[in-house]
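Here is what each chain is made of, one letter per residue.
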Amino acid sequence: MHGTIPLVRTARPSGRPFAGDTLVVASHNTGKVREIADLLAPFGLTRVVSAGELGLPEPEETGASFAANAELKALAAARASGHPALADDSGLEVVALEGAPGIYSARWAGPDRDFGRAMERVRSELGSGRDRRANFACALSLAWPDGHVDTFEGRVYGDIVWPPRGDRGFGYDPIFQPDGHAVTFAEMDPADKHAISHRAEAFRLLVAACFDPATG
Ligand SMILES: O=c1nc[nH]c2c1ncn2[C@H]1C[C@H](O)[C@@H](COP(=O)(O)OP(=O)(O)OP(=O)(O)O)O1
Ligand SMILES: [Mg+2]
(Lines give C-alpha, C1' and ligand atoms only; values in the text may rest on other atoms or scores of the structure.)
(Ligands and ions follow the chains in the order given, each with its own letter.)
Protein backbone atom coordinates (compact mmCIF):
# COMPACT_ATOMS: atom_id res chain seq x y z
CA MET A 1 0.00 0.00 0.00
CA HIS A 2 2.93 2.33 0.44
CA GLY A 3 4.86 3.63 -2.53
CA THR A 4 2.11 5.07 -4.69
CA ILE A 5 -0.85 7.29 -4.08
CA PRO A 6 -4.18 5.49 -4.54
CA LEU A 7 -5.79 8.22 -6.62
CA VAL A 8 -7.95 7.73 -9.69
CA ARG A 9 -9.69 10.30 -11.86
CA THR A 10 -13.46 10.44 -11.83
CA ALA A 11 -13.70 11.24 -15.52
CA ARG A 12 -11.85 8.03 -16.26
CA PRO A 13 -13.03 5.63 -13.56
CA SER A 14 -11.31 2.78 -15.34
CA GLY A 15 -8.09 4.75 -15.72
CA ARG A 16 -4.97 3.58 -13.98
CA PRO A 17 -4.32 4.87 -10.47
CA PHE A 18 -1.83 7.66 -10.18
CA ALA A 19 1.62 6.12 -9.88
CA GLY A 20 3.56 9.08 -8.52
CA ASP A 21 4.50 9.46 -4.92
CA THR A 22 3.54 13.03 -4.07
CA LEU A 23 0.28 14.75 -3.26
CA VAL A 24 0.38 18.50 -2.71
CA VAL A 25 -1.98 19.93 -0.10
CA ALA A 26 -2.61 23.33 -1.65
CA SER A 27 -3.17 25.35 1.51
CA HIS A 28 -1.19 27.91 3.48
CA ASN A 29 -3.31 27.44 6.62
CA THR A 30 -1.46 25.24 9.11
CA GLY A 31 -4.67 24.29 10.98
CA LYS A 32 -6.23 23.04 7.78
CA VAL A 33 -3.06 21.27 6.60
CA ARG A 34 -2.93 19.41 9.92
CA GLU A 35 -6.57 18.31 9.62
CA ILE A 36 -6.14 17.20 5.99
CA ALA A 37 -2.99 15.26 6.95
CA ASP A 38 -5.03 13.51 9.70
CA LEU A 39 -7.74 12.61 7.19
CA LEU A 40 -5.17 11.32 4.66
CA ALA A 41 -3.15 9.37 7.24
CA PRO A 42 -5.08 6.07 6.94
CA PHE A 43 -4.33 5.90 3.21
CA GLY A 44 -0.59 5.33 3.48
CA LEU A 45 0.40 8.12 1.14
CA THR A 46 4.14 8.29 0.70
CA ARG A 47 4.63 12.01 0.42
CA VAL A 48 2.18 14.73 1.33
CA VAL A 49 3.63 18.22 1.05
CA SER A 50 1.92 21.53 1.58
CA ALA A 51 1.95 24.43 -0.87
CA GLY A 52 3.79 26.45 1.78
CA GLU A 53 6.58 23.86 2.06
CA LEU A 54 6.99 23.92 -1.74
CA GLY A 55 7.18 27.70 -1.71
CA LEU A 56 4.16 27.96 -4.02
CA PRO A 57 2.50 31.38 -4.15
CA GLU A 58 -0.91 31.92 -2.50
CA PRO A 59 -3.32 32.56 -5.39
CA GLU A 60 -5.84 35.38 -5.11
CA GLU A 61 -9.24 33.90 -4.21
CA THR A 62 -11.34 35.58 -6.90
CA GLY A 63 -14.09 32.93 -7.06
CA ALA A 64 -17.70 33.61 -6.05
CA SER A 65 -18.16 30.25 -4.29
CA PHE A 66 -16.25 27.83 -2.08
CA ALA A 67 -16.05 25.42 -5.02
CA ALA A 68 -14.67 28.03 -7.42
CA ASN A 69 -11.98 29.07 -4.95
CA ALA A 70 -11.04 25.48 -4.10
CA GLU A 71 -10.70 24.72 -7.82
CA LEU A 72 -8.51 27.72 -8.56
CA LYS A 73 -6.20 26.95 -5.61
CA ALA A 74 -5.92 23.25 -6.53
CA LEU A 75 -5.29 23.95 -10.22
CA ALA A 76 -2.65 26.58 -9.50
CA ALA A 77 -0.75 24.18 -7.24
CA ALA A 78 -1.09 21.19 -9.61
CA ARG A 79 0.13 23.19 -12.60
CA ALA A 80 3.01 24.79 -10.68
CA SER A 81 4.19 21.58 -9.00
CA GLY A 82 3.47 18.91 -11.64
CA HIS A 83 1.77 16.78 -8.96
CA PRO A 84 -1.89 16.17 -8.11
CA ALA A 85 -3.00 18.84 -5.64
CA LEU A 86 -5.79 18.94 -3.07
CA ALA A 87 -7.17 22.33 -2.05
CA ASP A 88 -9.75 23.30 0.56
CA ASP A 89 -11.90 26.39 0.53
CA SER A 90 -14.08 26.71 3.56
CA GLY A 91 -15.78 29.09 5.91
CA LEU A 92 -18.46 29.91 8.43
CA GLU A 93 -21.97 30.78 7.21
CA VAL A 94 -24.20 32.53 9.76
CA VAL A 95 -27.91 32.38 8.91
CA ALA A 96 -28.86 35.74 10.51
CA LEU A 97 -25.97 37.37 8.59
CA GLU A 98 -27.28 36.01 5.28
CA GLY A 99 -24.41 33.53 5.06
CA ALA A 100 -21.59 35.90 6.05
CA PRO A 101 -18.68 35.68 6.48
CA GLY A 102 -18.90 32.73 4.01
CA ILE A 103 -16.16 32.86 1.40
CA TYR A 104 -14.79 35.93 3.20
CA SER A 105 -14.15 34.01 6.46
CA ALA A 106 -10.36 34.25 6.19
CA ARG A 107 -10.55 37.88 5.06
CA TRP A 108 -12.61 38.85 8.15
CA ALA A 109 -9.52 37.94 10.18
CA GLY A 110 -7.45 40.58 8.38
CA PRO A 111 -3.95 40.30 6.95
CA ASP A 112 -2.54 39.15 10.30
CA ARG A 113 -5.17 36.35 10.52
CA ASP A 114 -6.54 37.58 13.85
CA PHE A 115 -9.49 35.25 14.53
CA GLY A 116 -10.16 36.91 17.89
CA ARG A 117 -11.09 39.95 15.86
CA ALA A 118 -13.05 37.91 13.29
CA MET A 119 -15.07 36.19 16.05
CA GLU A 120 -15.78 39.58 17.67
CA ARG A 121 -17.11 40.81 14.34
CA VAL A 122 -19.50 37.83 14.12
CA ARG A 123 -20.71 38.61 17.64
CA SER A 124 -21.14 42.34 17.02
CA GLU A 125 -22.96 41.84 13.70
CA LEU A 126 -25.30 39.32 15.38
CA GLY A 127 -26.01 41.83 18.17
CA SER A 128 -28.85 40.73 20.41
CA GLY A 129 -30.60 38.79 17.65
CA ARG A 130 -31.90 35.42 18.79
CA ASP A 131 -31.09 33.44 15.67
CA ARG A 132 -27.71 31.80 16.32
CA ARG A 133 -27.87 29.19 13.56
CA ALA A 134 -24.74 28.69 11.49
CA ASN A 135 -22.81 26.11 9.54
CA PHE A 136 -19.31 25.51 8.36
CA ALA A 137 -18.90 24.64 4.68
CA CYS A 138 -15.96 23.06 2.91
CA ALA A 139 -15.19 22.46 -0.76
CA LEU A 140 -12.31 20.11 -1.50
CA SER A 141 -10.87 20.07 -5.01
CA LEU A 142 -8.44 17.53 -6.37
CA ALA A 143 -6.67 18.88 -9.47
CA TRP A 144 -4.19 17.32 -11.88
CA PRO A 145 -1.36 19.03 -13.73
CA ASP A 146 -3.27 18.75 -17.05
CA GLY A 147 -6.22 20.73 -15.65
CA HIS A 148 -8.62 17.93 -14.70
CA VAL A 149 -10.38 18.79 -11.43
CA ASP A 150 -13.05 17.18 -9.20
CA THR A 151 -14.78 18.99 -6.33
CA PHE A 152 -16.71 17.73 -3.28
CA GLU A 153 -18.59 19.69 -0.60
CA GLY A 154 -19.49 19.10 3.04
CA ARG A 155 -21.37 21.05 5.71
CA VAL A 156 -21.88 20.82 9.46
CA TYR A 157 -24.69 22.63 11.30
CA GLY A 158 -24.79 24.18 14.74
CA ASP A 159 -25.01 27.39 16.77
CA ILE A 160 -22.81 30.40 17.37
CA VAL A 161 -21.94 30.64 21.07
CA TRP A 162 -20.44 33.50 23.07
CA PRO A 163 -17.97 33.80 24.74
CA PRO A 164 -15.51 31.69 22.71
CA ARG A 165 -14.59 28.39 24.39
CA GLY A 166 -11.62 26.06 23.90
CA ASP A 167 -8.14 26.31 22.45
CA ARG A 168 -8.01 23.38 20.04
CA GLY A 169 -8.75 23.51 16.34
CA PHE A 170 -8.35 26.82 14.50
CA GLY A 171 -10.22 29.77 13.02
CA TYR A 172 -13.82 30.15 14.24
CA ASP A 173 -13.85 26.81 16.16
CA PRO A 174 -14.21 28.46 19.63
CA ILE A 175 -17.62 30.00 18.74
CA PHE A 176 -19.14 27.03 16.87
CA GLN A 177 -21.08 24.38 18.77
CA PRO A 178 -22.22 21.56 16.46
CA ASP A 179 -25.73 20.16 16.83
CA GLY A 180 -25.97 17.31 19.33
CA HIS A 181 -22.86 18.39 21.26
CA ALA A 182 -22.41 20.48 24.41
CA VAL A 183 -18.88 21.56 23.44
CA THR A 184 -17.44 23.79 20.72
CA PHE A 185 -15.18 22.48 17.96
CA ALA A 186 -12.28 24.07 19.86
CA GLU A 187 -13.10 22.00 22.98
CA MET A 188 -13.34 18.71 21.07
CA ASP A 189 -10.78 16.04 20.58
CA PRO A 190 -9.60 16.33 16.93
CA ALA A 191 -10.89 12.81 16.23
CA ASP A 192 -14.38 13.87 17.37
CA LYS A 193 -14.26 16.91 15.07
CA HIS A 194 -13.20 14.63 12.19
CA ALA A 195 -16.21 12.39 12.84
CA ILE A 196 -18.67 15.19 11.98
CA SER A 197 -16.89 18.12 10.34
CA HIS A 198 -17.62 19.80 7.01
CA ARG A 199 -14.05 18.97 5.94
CA ALA A 200 -14.39 15.29 6.88
CA GLU A 201 -17.70 15.00 5.00
CA ALA A 202 -16.20 16.48 1.82
CA PHE A 203 -13.21 14.18 2.30
CA ARG A 204 -15.43 11.07 2.51
CA LEU A 205 -17.01 12.01 -0.84
CA LEU A 206 -13.54 12.59 -2.33
CA VAL A 207 -12.31 9.21 -1.12
CA ALA A 208 -15.38 7.42 -2.51
CA ALA A 209 -14.94 9.03 -5.94
CA CYS A 210 -11.19 9.43 -6.34
CA PHE A 211 -9.40 6.80 -4.29
CA ASP A 212 -8.80 3.47 -5.95
CA PRO A 213 -10.48 0.85 -3.74
CA ALA A 214 -7.85 -1.69 -4.81
CA THR A 215 -5.06 0.29 -3.22
CA GLY A 216 -6.80 2.78 -0.92
O1 LIG B 1 -12.81 23.79 10.52
C2 LIG B 1 -12.79 25.02 10.69
N3 LIG B 1 -12.80 25.56 11.91
C4 LIG B 1 -12.75 26.87 12.13
N5 LIG B 1 -12.66 27.80 11.16
C6 LIG B 1 -12.67 27.33 9.89
C7 LIG B 1 -12.74 25.95 9.61
N8 LIG B 1 -12.72 25.79 8.28
C9 LIG B 1 -12.64 27.00 7.76
N10 LIG B 1 -12.62 27.95 8.73
C11 LIG B 1 -12.51 29.42 8.56
C12 LIG B 1 -11.16 29.91 8.98
C13 LIG B 1 -10.38 29.92 7.72
O14 LIG B 1 -9.30 30.81 7.65
C15 LIG B 1 -11.44 30.26 6.70
C16 LIG B 1 -11.15 29.56 5.43
O17 LIG B 1 -10.62 30.43 4.45
P18 LIG B 1 -9.80 29.80 3.22
O19 LIG B 1 -9.51 30.82 2.23
O20 LIG B 1 -10.54 28.58 2.75
O21 LIG B 1 -8.48 29.27 3.92
P22 LIG B 1 -7.14 30.04 4.33
O23 LIG B 1 -7.05 31.34 3.58
O24 LIG B 1 -7.10 30.10 5.79
O25 LIG B 1 -6.01 29.06 3.81
P26 LIG B 1 -5.80 28.56 2.26
O27 LIG B 1 -6.69 29.38 1.38
O28 LIG B 1 -4.36 28.74 1.97
O29 LIG B 1 -6.17 27.10 2.26
O30 LIG B 1 -12.67 29.75 7.22
MG1 LIG C 1 -7.46 31.43 1.61
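Predicted, not measured: the structure shown is a model, and the values here were computed from it.

So, the overall build of the protein
Okay, step 1: The secondary structure content of the protein amounts to 5 helices and 6 strands.
Okay, step 2: Tracing the protein from N to C terminus, the helices and strands come up as β-α-β-α-β-α-β-β-β-α-α.
Okay, step 3: The 216 residues of the protein split such that 41% are buried.

As for the UniProt feature "active site" (unreviewed entry) in the protein
Okay, step 1: Residues given the UniProt feature "active site" (unreviewed entry) here are Asp89.
Okay, step 2: Each residue touching Asp89, except ones within four places of it in the same chain, is listed here: Phe66, Asn69, Ala70, Lys73 and Ala139.

Details of the nonpolar core
Among soluble globular proteins, nonpolar side chains are generally buried collectively.
Okay, step 1: By size, the foremost hydrophobic cluster in this structure holds 53 residues, and its most contacted members are Ala26, Ala74, Ala77, Ala85, Leu86 and Leu140.
Okay, step 2: Counting residues per element, the ones that place at least two in this core are strand 1 (22-25), helix 1 (30-40), helix 2 (66-81), strand 3 (85-94), helix 3 (115-126), strand 4 (133-143), strand 5 (149-160) and helix 5 (198-210).

Some points on the pairing of strand 3
Okay, step 1: The buried count for strand 3 comes to 10 of 10 residues, which makes it a mostly enclosed element.
Okay, step 2: Every second residue of strand 3 is oriented toward a common face, with Ala85, Ala87, Asp89, Gly91 and Glu93 on one face and Leu86, Asp88, Ser90, Leu92 and Val94 on the other, all of them buried.
Okay, step 3: Bridging between strand 1 and strand 3 involves 2 bridges; their strand directions are parallel. By the bridge assignment for strand 3, Val24 is matched with Ala85.
Okay, step 4: Taken together, the 10 bridges between strand 3 and strand 4 define a ladder with antiparallel strand orientation. Within strand 4, the position partnered with Val94 by the bridge is Ala134.

Digging into helix 1
Okay, step 1: Within the span of helix 1, buried status applies to Lys32, Val33, Glu35, Ile36 and Leu39. All buried residues of helix 1 fall inside an arc of 165° around its axis, so they share one side.
Okay, step 2: Where helix 1 is buried, its residues contact strand 1, strand 2 (47-50), strand 3, helix 4 (190-196) and helix 5.

Describing unusual backbone geometry
Okay, step 1: Put simply, Ala100 and Pro101 share a cis peptide bond, and its omega is -5°.
Okay, step 2: Residue placement: Pro101 occurs in the loop between strand 3 and helix 3.
Okay, step 3: Cis peptide bonds are those with omega within 30 degrees of zero, and the linkage from Trp162 to Pro163 qualifies with 5°.
Okay, step 4: Positive phi, normally seen in glycine, also occurs at Glu98, with a value near 55°.
Okay, step 5: On the secondary structure map, Glu98 appears in the loop between strand 3 and helix 3.

What counts, and where the lines are drawn
- Residues numbered from 1 in each chain as written.
- Chains lettered and ligands numbered in written order.
- Predicted model: local features only at pLDDT ≥ 70, side-chain atom pairs only at ≥ 80, totals over all residues.
- Helix = DSSP H or I, 4+ residues; strand = E, 2+ residues; numbered from the N terminus.
- Buried ≥ 20, exposed ≤ 12 C-beta atoms within 10 Å, placed from the backbone.
- UniProt positions renumbered as here; feature names shortened; annotations may be inferred.
- Contact = placed C-beta atoms within 7 Å.
- Core = buried A, V, L, I, M, F, W, Y, C linked by C-beta atoms within 7 Å.
- Pairing = 2+ DSSP bridges.
- Arc of directions from axis to C-beta.

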